[in-house]
Amino acid sequence: MEEDIFTLAQHYRDRGDAENAFDELKNQWGWLGYTTHDHARSEMMTLFVALVYNWWSLFTRLSFPNKRAEAITSRPLLLHAIGRKTSHSNQSTLTLTSLHAEAGTIQVAMRAVAGFLGHLRSITEQLKSTERWRLILRAVVRAFPLKRAMKMPTAEFHTA
């Protein structure tokens, strides 16, 4: 064995983290199985679940940048709120009122996300969508302990 015991332990933890994502997809997001034998519908539902899981993972990483929030704890924490949309002078405002016991924590997280997205909107009006996504992805992964230089994706991102 060429590596020391601490490096080996980190590899083991990394492997466990990778398995945790699949466990969460199966048990928290419904990827355990489908009742249809129609391959096309099963594949479509699998892709929907994966898409929602990915968006939720990005959102929770923006909300809590220093930790990975699992669905079993983050969904009840962040989804138990009452929302109200108000409009005035051609501007819409979304007001969220949390009923959760950790409302203070949620408020700090939502203000951080709203501040980041507001800042992004103010500085990226002239940027292409790929450049905007690059900034969002950098913000999402800023807390990851990367040992190698991260290469940003070159594929085009398409938004509706």
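Each value, and the rule that gives it
- Residues numbered from 1 in each chain as written.
- Predicted model: local features only at pLDDT ≥ 70, side-chain atom pairs only at ≥ 80, totals over all residues.
- Heavy atoms only, no water.
- Buried < 20%, exposed > 50% of the residue type's maximum accessible area, 1.4 Å probe, protein only.
- Helix = DSSP H or I, 4+ residues; strand = E, 2+ residues; numbered from the N terminus.
- pLDDT = per-residue confidence, 0-100.
- Contact = heavy atoms within 4.5 Å.

1. Comments concerning unusual backbone geometry
Peptide bonds are mostly trans, and most non-glycine residues show a negative phi. One non-glycine residue, Ser-89, lies in positive phi territory at about 55°. For Ser-89, a relative accessible area of 64% puts it in the exposed group. A positive phi angle, near 60°, is found at Asn-90, a position not held by glycine. For Asn-90, the location among the structural elements is in the loop between β1 (81-88) and β2 (91-98). Judged by its relative accessible area of 85%, Asn-90 falls in the exposed class.

2. Focus on the confidence of the model for the chain
On average, residues of the chain score 80 in pLDDT, and 86% of them are at 70 or above. Within the chain, β1 carries the highest mean pLDDT (91), whereas helix α1 (residues 5-27) carries the lowest (81). pLDDT under 50 marks residues 148-155. Its contacts with residues more than four places away, or in other chains, come to seven contacts.

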